[in-house]
Amino acid sequence: MKTTFDQLAARQPQLFSAADIRVDKVQLEAMAEIVGAIEMVLALPAFRAEVLARAPENARWPVAARSVFMGYDFHLTPAGPKLIEINTNAGGGLLNAYLLAAHGHADEAAAFVADILEMFRAEWRLERGDAPLTRIAIVDEAPAGQFLAPEFELFRDLFAANGIDAVIADPADFVRDGRRLLHDGQPIDLVYNRLTDFYLEGEPCRAIREVFQAGGVVLTPHPAAHATHADKRHLMLLSDADKLAALGIDAATQHILLAGVPRTIAVDPAQADALWAERKRWFFKPPTGFGSRAAYRGDKLTKRVFEDILAGHYIAQEIAPPSEHEVTVNGEAQTMKADFRCFVYDGHIQCVAARLYQGQTTNFRTPGGGFAPVFAA
């Protein structure tokens, strides 16, 4: 009988690589150090007050939940790991638990699954104490058509197997009943938010937004976490010694950050000529983008796109090339690039997974590529 993972792999083979990746323990420890240093800076009251003041209003609504599945994405270089970006609704966590089991690491897989379940319970306890968690909604726009839709099914099954009713829903499927959020007439206790409308600003999110504002539903990840973690303008602070010193960051933590976060600057139209001349050293990103959307390597830019970047309040991050790994695909050796996603909750790395690909960005379209488990060498 095929396992759930086998069925998923057959339906979407591009999600999973047959390879596993061995990484020097020192590199894994360095990633954990960088994550810890960043979490410390982003938790500072002065930093939070500044970024939340300029964020949309609903990022300032009171929350106790920490937000599930922070994703810290790294490239591994000869000089150590380099942080590329932070995401607040990182996909693939539960898929990678199944992947660990498929690669013969059943105990690690079971521990990660247990950690995932406890993470959701912890979010609930932070907001609701000892009240029973009865029903979770896994929410994304047109969820059945999402690339990682199979993971939604796995989450529904996981919650159901542990006594928590769960539904997969589009944000427009909900209605507000006072301080309650209803789906098919049934109240929802917690929303597992996979939306890329990070601040719930669109009309389809109205019911969720209003009930969340009223304190009637637990939302994770939530807008405040996006504002404090995923805005790419934070990379400018994290890679600037003067700004870190002004915040009172100690020398040892500064050293970790300056080594691990590539220099990042604001794209200033007044410096257009210099940026264009040095474009090959930079990767240009919109401050609130995700999934490589509207992001460009400088060496691939056209003048027309560069003009759009100058007008678009972009940041520019020094390029840290991804590592390359030889893997076997259909009996033949292939060289693939890799980025490394650390799934993080409350500053703790739960799992590290590689995403293997060929081309310019992670695409889940390379034969033999996709998620790959990572083990210490």
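(A) Structural view of the packing of helix H5 (residues 106–128) against helix H6 (residues 149–161). With their axes 11 Å apart at the nearest point, H5 and H6 run at an angle of 75° to one another. Of the possible angle classes, the one that applies to H5 and H6 is roughly perpendicular. Of the residues in H6, those touching H5 at Val113, Ile116, Leu117 and Phe120 are Phe155, Leu158 and Phe159. Tallied by class, residues from the contact of H5 with H6 come to seven nonpolar, no polar and no charged.

(B) Geometry of the sheet that holds strand S9 (residues 190–193). The strand order across the open sheet formed by four strands is S5-S4-S9-S10, and the pairing between neighbours is parallel. Each having just a single partner strand, strand S5 (165–169) and strand S10 (218–220) make up the two edges of the open sheet. For this sheet, the mean angle separating the axes of adjacent strands, direction not counted, is 20°. As paired strands, strand S4 (residues 135–139) and S9 are joined by four bridges and run parallel to one another. Within S9, the residue paired with Val139 across the bridge is Asn193.

(C) Up close: the packing of aromatic side chains. Throughout the structure, instances matching the rule amount to twelve aromatic pairs. With a centroid separation of 6.1 Å and 85° between ring planes, the pair formed by Phe69 and Phe343 is classed as edge-to-face. You can see Phe69 sitting in the loop between helix H3 (45–54) and strand S2 (70–77) and its partner Phe343 sitting in strand S16 (residues 332–345), a full 274 residues away along the chain. Note on Phe69: relative accessible area 1%, which makes it buried. Against the face of Trp276 rests Arg279, its NZ or CZ located 3.9 Å from the ring centre. Over the ring of Trp276 we find Lys303, and its NZ or CZ is 4.6 Å from the ring centre.

(D) Representation of the sheet that holds strand S11 (residues 264–266) in the model. Spatially, the four strands line up as an open sheet ordered S11-S14-S12-S13, and their pairing is antiparallel. Each of the sheet's edge strands pairs with one partner strand only, and the pair in question is S11 and strand S13 (296–297). Alignment of strand S12 (residues 282–285) against strand S14 (residues 315–318), held across four bridges, turns out to be antiparallel. Counterpart to Lys285 in the pairing with S14 is Ile315.

Rules behind the numbers
Residue numbers run consecutively from 1 along every chain, following the written order of its sequence. Per-residue local features are limited, in this predicted model, to residues with pLDDT of at least 70; the limit for side-chain atom pairs, both in listing and counting, is 80 or more; totals at the level of whole chains, interfaces and linings are taken over all residues. Processing note: side-chain calculations cover all non-hydrogen atoms of the structure and skip hydrogens and water entirely. To obtain each axis, a line is fitted to C-alpha atoms, and for helices this fit is confined to the stretch in contact; angles are then taken between N-to-C directions over 0 to 180 degrees. By definition, any uninterrupted DSSP run of H or I lasting at least four residues is a helix, any uninterrupted run of E lasting at least two residues is a strand, and each is numbered from the N terminus. Note on angle classes: values under 35 degrees are labelled roughly parallel, values over 145 roughly antiparallel, values of 65 to 115 roughly perpendicular, and the remainder oblique. Here a residue-residue contact requires only that any non-hydrogen atoms of the pair lie within 4.5 Å. The nonpolar class holds Ala, Val, Leu, Ile, Met, Phe, Trp, Tyr, Cys and Pro. Asp, Glu, Lys and Arg form the charged class, and all remaining residues, Gly among them, are polar. The rule for pairing is simple: two strands pair if DSSP sees at least two bridges between them. Whether two aromatic rings pair depends on their centres lying within 6.5 Å, for rings of Phe, Tyr and Trp, where Trp uses its six-membered ring; planes under 30 degrees apart make the pair stacked, over 60 edge-to-face, and the rest tilted. Relative accessible area decides the class of each residue, using a 1.4 Å probe on protein chains only: under 20% of the type maximum gives buried, over 50% gives exposed, and in between gives partly exposed. Should the NZ of a Lys or the CZ of an Arg lie within 6 Å of a ring centre and within 35 degrees of the ring normal, that charge is described as sitting over the ring.

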